[in-house]
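Residue-level listing of the chains:
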Amino acid sequence: QVQLVESGGGSVQPGGSLRLSCAASGFTFRYYAMNWYRQVPGKERDLVAAISRFGSSTNYADSVKGRFTISRDNAKNTVYLEMNSLKPEDTAVYYCNGRRRFDGRQYEYWGQGTQVTVSS
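Each chain carries its own residue numbering, running from 1 in the written order of its sequence. In view of the model being predicted, local features appear only for residues whose pLDDT reaches at least 70, and side-chain atom pairs are presented and counted only at 80 or more, with totals across whole chains, interfaces and linings using the full set of residues. With hydrogens and water set aside, each side-chain value is computed from the structure's full complement of heavy atoms.

*Asks:* I tried to follow the pattern of salt bridges on my own but got confused; where do I start?
*Replies:* A pair can form between side chains of opposite charge whenever their charged atoms are brought close. Salt bridge, as used here: a side-chain nitrogen of Lys or Arg that lies within 4 Å of a carboxyl oxygen of Asp or Glu. Taken as a whole, this structure holds five salt bridges when the rule is applied. Residues Asp90 and Arg38 are paired through a salt bridge, measuring 2.9 Å at the closest nitrogen-oxygen approach. Remark: Arg38 occurs in strand E4 (residues 33-39) and Asp90 occurs in the loop between strand E8 (78-83) and strand E9 (92-102); sequence separation between them is 52 residues. Arg38 shares its class with Asp90; the two are buried. Close ionic contact of Glu108 with Arg99 constitutes a salt bridge, the shortest N to O distance being 2.5 Å. Between buried and exposed lies partly exposed: a residue is buried under 20% and exposed over 50% of the maximum accessible area for its type, with that area taken using a 1.4 Å probe on protein chains only. Given a relative accessible area of 23%, Arg99 falls into the partly exposed group. Under the DSSP-based scheme used, a helix requires at least four consecutive residues in state H or I and a strand at least two consecutive residues in state E, with every element numbered from the N terminus.

This is the structure we're talking about:
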């Protein structure tokens, strides 16, 4: 059974930090690029950060560049999102995503989401 389980969300004041984790099981983690998305009510789910299969390449949304860092540990089947200098506009549900294209097909998995609230 495929599972992506996020943890580490919560409430924090502006300027604070949080570290999200996403533990994967049920599939070969190292074969998948991993991504973090976020969504606020009434809006589309937006890509926040992406990391390649072995971590050699990362990409970030402009709104989080310099503040967020994505990383992965393939030995632990876990991807992380370190979030610093948090702003109220970072408030959202954050989702972990794994994606792989193989033999002409796309394979994709989602976590259940974890709430991040930035407020004074």
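Moving on, there is more to tell.
*Asks:* What exactly am I supposed to notice about the sheet that holds E8 here?
*Replies:* Backbone-to-backbone hydrogen bonds pair the strands of a sheet. The strands run either parallel or antiparallel. DSSP bridges decide pairing: two strands pair if at least two such bridges lie between them. Strand order across the open sheet formed by four strands is E1-E3-E8-E7, with antiparallel pairing between neighbours. Every interior strand has two partners, whereas the edge strands, strand E1 (3-7) and strand E7 (68-73), have only one. Averaged over neighbouring strand pairs, the angle between their axes works out to 15° when direction is ignored. What counts as an axis is a line fitted to C-alpha atoms, over the stretch in contact for a helix, and the angles between N-to-C directions run from 0 to 180 degrees.

Purely geometric numbers; function is a separate question.
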